[in-house]
Structure formats: C-alpha cells, structure tokens
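Residues per chain, in single letters:
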Amino acid sequence: MFQSTILKRAARLAAPAAAAAATTAGVVSMTSSNGDDRQQQQQQVRGVAMCDDKKDESVLSMLGDIQARLSALQQTIGTSTSPTAATYQNDAAISTGSSSTKPGIDVVLGSQWGDEGKGKLVDMLSQTYDVCARVAGGSNAGHTIVVDGKKYKFHLLPSGILNEKAMCLIGNGVVIHLPSFLNEIDGLKQSGIDSEGRILLSDRAHIVFDFHQQVDGVQENKLGRNKIGTTKKGIGPAYASKISRNGIRIGDLKNFDFFEMRFRELAEATMNSYPGLEIDIDGQLAYYKSISERVGAMTTDTIEYTNDAYDSGKRILIEGANATMLDIDFGTYPYVTSSNPSIGSVLTGLGVSPRKISGIYGTTKAYCTRVGEGPFPTELDRDAGIGEHLGVVGAEWGTTTGRARRVGWLDVPQMRYSTLINGFTALNLTKLDVLTGLAEVKIGRAYKHNGKILNTMPSCLKTMSEIEVIYETLPGWTEDISQARNFDDLPVNAQRYVLRVQELLGVPVRWIGCGANRLDMIDRGEGWDMSKLEAEGDSSASE
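Residues numbered from 1 in each chain as written. Predicted model: local features only at pLDDT ≥ 70, side-chain atom pairs only at ≥ 80, totals over all residues. Heavy atoms only, no water.

### Remarks on unusual backbone geometry
Of the consecutive residues Y333 and P334, the connecting peptide bond is found in the cis state with omega at 10°. Looking at the element boundaries, P334 is found in the loop between β10 (315–319) and α12 (344–350). Despite not being glycine, A395 has its phi angle at roughly 50°, a positive value. Note that A395 resides in the loop between α13 (385–393) and β14 (406–408). (Helix = DSSP H or I, 4+ residues; strand = E, 2+ residues; numbered from the N terminus.)

Below you can see the structure in the form of structure tokens.
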C-alpha cells in the first residue's frame, strides 16, 4: 500500500519527473564518479532534464497537452468528448509567484523532524490571506524569518503577524504559556510590529503554567540517558492535564472566581504528585488576575470565527508547528512532541470540516535535521566533513533551545511516509543553497533491514536503529543560487536534484528556498500545486 500510493501520486507528474527518471538510469550512481564522467553526465543531464532547452513546464500544461491529444483522438474515432477537466491553463497564462484568490483553507506543515523553514513560506503566502492560524503545540515551536536583514523569531504567534492586514488566531489545539505569549507580543511591538486588535485566542485552548515547565524538567531529568530531548517548555505536562481533565482553559479567565478554584485544585494535585515541588499559589493567582483583562480582550470562540470567515469567502492559512515525524501517533515514539502536528490537527485544533481544506503544503529541507534524541537514519557527523558543512552553512541551531541540530541527507522513505499521512499537494523545498559547494549530494532512497527492502516506516525503535540506508549519489554544484528567482536560473545539477526529489515523492516541488532572506525563494506558480489542478477539474466537471 505504501509504495503503490506513492506510485499513483508520482504518475500524476509527467515530463520533469520522467526526465529525471531517464537521467537516473544512466547518470545517478551509488558511488563517486571521476571528473571526466561527471562532465559527460552534466552534459547528458542538460539535454534531458531541460527537455531540449524548453521552458520548465507545469503539471497543468502537461496535462493540458495530454487532454488535447485525447480529445483529438476521440474526435477521430467518433466518440464524444466530455473530459472531467475540459481545459488547463499553461504556465504562460498563470502568473508565476501569484496565488489564487479563491476562498478556502490552505495548510503549511513540517514534513520531517521540524525546523524545515515553514515560517518563511507562511510569511510569503500570508500577504494574500485574510486569516493565519496556529492549531497545535505551544512555545516549543520556533520559526525564524529574516526581513531586510532583521531576524524575527516566533514561538506562539503565527508568522503571518508580519502582514498588517491579517488576523492571527491561536486555535483550541494549542497550549499557551501566557507570560511567554505576552512577552512575544511586547517584543514585536518594540521591533515596530503592532499587533493590536489582530490576535485572537481560542477560549478552549489550554493554559501552560509555570509549574508545568517545572514538572517537564523533573520528568526529563528522571529519564537520565533515556531522556526525550524535550524543550522543557511544559508542553507535555500541559497536554497531560488536558487529557486528565483537570486542565484550565483560556476562557476560564473570564470568570476569575471559577479560574481561582480550578487553579488551586490543579496546583495542589501537582504538588502532591511531585514531592518537593513548590508552587506560589497566591503569587500566581495575583499575576493571572493582573493580565486577565488584557487576555480577555483577545479571547473568543475561534471555531465560530473561523467557520464564519470561511463562509464569507475569507482565505485562511494554517501554520503548522513541529513536524510529522514528531507527531505523538505517527512520529518516532517516544521521541516525539505531545500533539499531532500533522494534517489531522487542523480539524481538531481549529474546529473545521475536512471538506474545507484545499492546499496542503509540505515543507522539507533539501537535507535533513533533527533536534533532541531519537532515531535519525541518514545522520552525518555534525563535527566533521559534510555534516559540519550542513550545520555551519545552514546555521543549524534551534530557534527555541539554541541547541545544535543534528544533520543528515534527505530521507526519501521518511518523506514518503509523511506524504502518505498528510496528502501534500505541493512541496516547499528549503535551503537548497546550503548544498552549494558540495562535490556530490546524496539522497537516502530506501531502507533495508535484514537484507530486505522495507515498504513502510518501522514503528519499532530497535528496527529503526538497525536500518541500512541505500543512497543515490548525484553531482553537486558550486554556483551561487541566492539570486535565483526562476527554476531556469538554477545550475543544471541543482535542477536535477529538485526534479529527482519530485519524482521520488510523487509530489510537485512548487517552492524552492535559495537563501536566508524572505525573498530568496523560487515560486514555480500554481501549475505546480495539485490542489489547484483538482479545483480546476471539479470546476469543469460541474459546468
């Protein structure tokens, strides 16, 4: 099922993927090639991957050609033509870099172990959206955006806050540490970003208290060498309170007598569970009393707000936190977060129907990173060679913790698994520029265990630790790509890398990150977004 589903999706991509596949047969090697062979290979790639110097075609234009030929054939043999999608626009008709103005909910998700660069895409897309929302996790998330050389770091707020016209929601699936949240707002204001009246908190979102963070540290320390690698932001204990049904929600602050009663009960129960833990109950209550009016002004029923916005034709963008491989159900358990940072969290963390979701955009680095403990099949030595290059050039230190991220090659089996779960309609391939300067680049193409190729992602950590990764080796490039704004601007070997990733995953790569600044990105246009393709088909079918 795992392979067949991916193959079906891959079949929807035509010329570029086929070109990459044809090239792979004669060019991609499992070992290093000598200089003469590489020059010959690059010449061969230029002729194949660029389709004889034709412009990079879109999925829509390729399917349009197929549909035109099918129609001609049907007319020749005398059959009627009633295609599900009568016409497709070509790339020339689609404004590259533009976004559809149709209402709907689009989602940006992390597809690896987090820190993929979701915030940068959200920042770019949010300029055309009316509402931006967070739906899961808490201040354990960290997104960094560079604007005119200035860094903005977000932990609880959606990155879309930089769009002064967008409303920003924090949904019921998020757990909120209010001191951190208010500090983040105040810090933005000092940086010149005024968010007044543009932030709404769900009245159903649960509160992370300081003692949740203390408990997080106690639990992590008890694990010793088996530690999870948590950020110690109190996220797990807060979700535990929620599941234990003694948690406290943002909306409870509106009735402070009720809030006080619930807080005293929760604090006493926590101190009884952790002997030696001390909570200044009266001091904490005084603090929450002092901020209750400010928080109350931002609190609303975000379920009603979101669905009303959708019904009125507003465009809504969801900013995922963390990533699929940290999902409590689908990730490398127990080395995971405490929520579901995959597509399901949009429904449960915001309160919307799956029928309202349109584009699902998976963000992946051109390589792979991970913070904290847990399996990492394609990991490289961070302190030497290529691993050091990826870590230093990619500035791989955690936004939230400051810890050095572990680094490795792109892991295709992991990405296929993530694609299978989330149903990505397009990919955002970030930090391609970090690979610049490497003589060769590798892609982890398959997992092997006990001599057999695995067709799915193992759930057992022991099996994960015994995996052998099968790699493909592709020639690298040395040209600076930071100024590339179109696919054709990329060096041929960088193009071939992108096309190979696209083919292996069966999902079009729409966005390509070429540098740290917010404008250092290639947008190949809506012709590389399957949600737009499906929308065209549905529209034509209904006519």
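### Some thoughts on the nonpolar core
Among the nonpolar cores identified, the biggest contains 55 residues, and I318, L432, L435, L490, Y497 and I512 are the most heavily contacted of them. Per element, the largest residue contribution to this core is 7 residues, and it comes from helix α16 (residues 492–505). If near-sequence neighbours (up to four positions away) are discounted, L432 is found in contact with A366, W477, I481, L490, A494, Y497, V498, I512 and G513. C132, V174, F211 and I279 belong to the second largest nonpolar core, which has 52 residues in total. (Core = buried A, V, L, I, M, F, W, Y, C linked by side-chain atoms within 4.5 Å. Buried < 20%, exposed > 50% of the residue type's maximum accessible area, 1.4 Å probe, protein only. Contact = heavy atoms within 4.5 Å.)

### Here's the deal with the side chain of T299
In this structure, T299 sits in strand β9 (residues 299–300). Among the polar contacts made by the side chain of T299, one reaches the main-chain carbonyl oxygen of V295 at a distance of 2.8 Å. Each residue touching T299, except ones within four places of it in the same chain, is listed here: L201, D203, I250, G251 and K254. (Polar contact = N/O pair within 3.5 Å; in protein donor to acceptor, adjacent residues only side chain to side chain.)

### Regarding the pairing of strand β11 (residues 357–365)
The buried fraction of β11 amounts to 8 of the 9 residues, a majority that puts the element mostly inside the structure. In this sheet, β11 lies alongside strand β1 (residues 104–110) in parallel orientation, the contact comprising 5 bridges. For I105, the partnering residue across the bridge sits in β11 and is I357. In this structure, β11 lies alongside strand β16 (residues 426–430), joined through 5 bridges in parallel fashion. When the sheet's bridge partners are listed, T363 is paired in β16 with N428. (Pairing = 2+ DSSP bridges.)

### Digging into the packing of helix α7 (residues 210–223) against helix α8 (residues 235–243)
At a closest axis distance of 7 Å, the pairing of α7 and α8 adopts a crossing angle of 110°. By the criterion of interaxial angle, the relationship of α7 to α8 is roughly perpendicular. Once α7 is placed against α8, the crossing between them reads as right-handed. Residue-level inspection shows H212, V215, D216 and Q219 of α7 in contact with α8, the latter providing I235, P237, A238 and S241. Of the residues that constitute the contact of α7 with α8, the class distribution is 4 nonpolar, 3 polar and 1 charged. (Axes fitted to C-alpha atoms, helices over the stretch in contact; angles between N-to-C directions. Parallel < 35°, antiparallel > 145°, perpendicular 65-115°, else oblique. Left-handed = near helix turned anticlockwise from the far one by under 90°. Nonpolar A, V, L, I, M, F, W, Y, C, P; charged D, E, K, R; others polar.)

### Side note on the sheet that holds β14
In spatial order, the strands read β12-β14-β13; together these 3 strands make up an open sheet with antiparallel pairing. Whereas interior strands pair on both sides, the edge strands pair on one side only; in this sheet they are β12 (368–370) and β13 (379–380). The pairing of β13 with β14 spans 2 bridges and is classified as antiparallel. Its bridge partner being in β14, L380 is matched across the sheet by V407. Across the sheet, α13 is in contact with β13 and β14; its angle to β14 comes to roughly 120°.

### Quick word on the pattern of salt bridges
What the rule picks out here adds up to 19 salt bridges. Salt-bridge contacts for R445 lead to E472; the nearest nitrogen and oxygen are separated by 3.3 Å. Of this pair, R445 sits in strand β17 (residues 440–449) while E472 sits in strand β19 (residues 468–475), and the two are 27 residues apart along the sequence. Judged by relative accessible area, E472 falls into the buried class, the value being 2%. Across the salt bridge formed by R500 and E472, the nearest N and O atoms sit 2.3 Å from each other. Of the two residues, R500 is situated in helix α16 and E472 in strand β19; the sequence distance between them amounts to 28 residues. A single network of salt bridges, built from pairs that share partners, joins D115, K365, E396, R405 and K431. (Salt bridge = Lys/Arg side-chain N within 4 Å of Asp/Glu carboxyl O.)

### Looking at the packing of helix α6 (residues 178–190) against helix α10 (residues 281–298)
Contact geometry for α6 and α10: axes closest at 12 Å, N-to-C directions at 60°. The orientation of α6 relative to α10 falls into the category oblique. Once α6 is placed against α10, the crossing between them reads as left-handed. For the pair α6 and α10, contact is made by L178, P179, F181, L182, I185 and D186 and by Y287, Y288, I291, R294, V295 and M298, respectively. Of the residues in the contact of α6 with α10, the class split is 10 nonpolar, no polar and 2 charged.

### As for the pairing of strand β20 (residues 509–513)
Extensive coverage of β20 is indicated by the burial of 5 of its 5 residues. As paired strands, β16 and β20 are joined by 3 bridges and run parallel to one another. Residue N428 lies in a different strand from β20, and its bridge partner there is W511. Two elements, β20 and strand β21 (residues 521–523), share 3 bridges in a ladder whose sense is antiparallel. In the strand pairing of β21, I512 is matched with I522.

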